[in-house]
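# Structural features, examined
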Amino acid sequence: MSSYEQFFRECDKDGNGEVCRKEFEDRMKRGNVSQQKIDEFFTFCDLDGNGIISYDEFMSALTKNNEADKWRRVFNGFDKDHSGYLEASEFEPFLRGIGLTEKQKDLARRFVKQHDDDGDGKISFNEFLKFLNVKSC
C-alpha cells in the first residue's frame, strides 16, 4: 500500500471510499496543519468541486501532472469563495484587469450563460475545461 493510499484510508473514517471535508479536516489537524492549508489542499484534491474527495480524485490530484491539473490552479484562483464553481462576479476582476471596465458585468454574465452546460448559473471545473478544450483527468 502506498503512503498516499494509507493517508486516504486514514481520512476515510467511515470506509465508504470517499472523504468528506470533516474527515479530511480531522485527519489533517492531527498533523497541526493550519485551517487555511487544509482548505487549500481539500480544494486542490476535490477535482469536481462537490465537497467530497473520491479515491480517484485524491490519487489524480497527487500523482498526475497534466494540463487539466494546471488549469485547476487557474480555476481555483478565480474561485474566490471556494465554492468549486465560478460565478459571473468572480470573472469581473479579471475582466477589469484586462481593461474591460465598462461592460465587465455584462460580459461575465454572458460568458457564464454561454458555457454553463447544466444551466445552474455557474461554471463547474469540467465546464471550464470544456471551454478551454482540455480533457479532464
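Now for a quick tour of the structure. Everything numeric in this text was worked out from a predicted model, so none of it was measured.

## Focus: the packing of aromatic side chains
Under the definition given, this model contains nine aromatic pairs. Taking the centre distance of 5.9 Å and the plane angle of 15° together, the rings of Phe-7 and Phe-58 count as stacked. Of this pair, Phe-7 sits in helix α1 (residues 3–11) while Phe-58 sits in helix α4 (residues 55–63), placing them 51 residues apart in sequence. Taken together through their ring pairs, the aromatic side chains of Phe-7, Phe-8, Tyr-55 and Phe-58 make up a single cluster. Against the face of Phe-125 rests Arg-72, its NZ or CZ located 3.8 Å from the ring centre.

## Concerning helix α5 (residues 67–78)
Here α5 contains 12 residues, and its C-alpha end-to-end distance of 17 Å stays within 8% of the 16 Å for a straight helix at 1.5 Å per residue. Within α5 the residues assigned to the buried category are Ala-68, Asp-69, Arg-72, Phe-75, Asn-76 and Phe-78. Along the axis of α5, the buried residues cluster in a sector spanning 155°; they form a single face.

## A word on helix α3 (residues 35–45)
Of the residues making up α3, those classed as buried are Ile-38, Phe-42, Thr-43 and Cys-45. Around the axis of α3, the buried residues are gathered within 165° of arc, so they sit on the same side.

## Description of the pattern of salt bridges
Within the structure shown, the criterion is met by eight salt bridges. In this structure, the salt-bridge partner of Glu-10 is Arg-27, at a minimum N-O distance of 2.7 Å. Residue Glu-10 is found in helix α1, and its partner Arg-27 is found in helix α2 (residues 21–29); the two are separated by 17 residues along the sequence. The class for Glu-10 is partly exposed, based on a relative accessible area of 25%.

## Observations concerning the packing of α5 against helix α8 (residues 125–132)
Remark: α5 packs on α8, axes separated minimally by 10 Å, with the N-to-C direction vectors making an angle of 115°. Every pair of crossing elements has a handedness; the one defined by α5 and α8 is right-handed. On α8, the residues touching Ala-68, Trp-71, Arg-72, Val-74, Phe-75 and Phe-78 of α5 are Phe-125, Phe-128, Leu-129 and Leu-132. Broken down by class, the residue content of the contact of α5 with α8 amounts to nine nonpolar, no polar and one charged.

Calculation notes
Residues numbered from 1 in each chain as written. Predicted model: local features only at pLDDT ≥ 70, side-chain atom pairs only at ≥ 80, totals over all residues. Heavy atoms only, no water. Phe/Tyr/Trp six-rings, centres within 6.5 Å; stacked < 30°, edge-to-face > 60°. Helix = DSSP H or I, 4+ residues; strand = E, 2+ residues; numbered from the N terminus. Lys NZ or Arg CZ within 6 Å of the ring centre and 35° of its normal. Expected span 1.5 Å × (residues − 1). Buried < 20%, exposed > 50% of the residue type's maximum accessible area, 1.4 Å probe, protein only. Arc of directions from axis to C-beta. Salt bridge = Lys/Arg side-chain N within 4 Å of Asp/Glu carboxyl O. Axes fitted to C-alpha atoms, helices over the stretch in contact; angles between N-to-C directions. Left-handed = near helix turned anticlockwise from the far one by under 90°. Contact = heavy atoms within 4.5 Å. Nonpolar A, V, L, I, M, F, W, Y, C, P; charged D, E, K, R; others polar.

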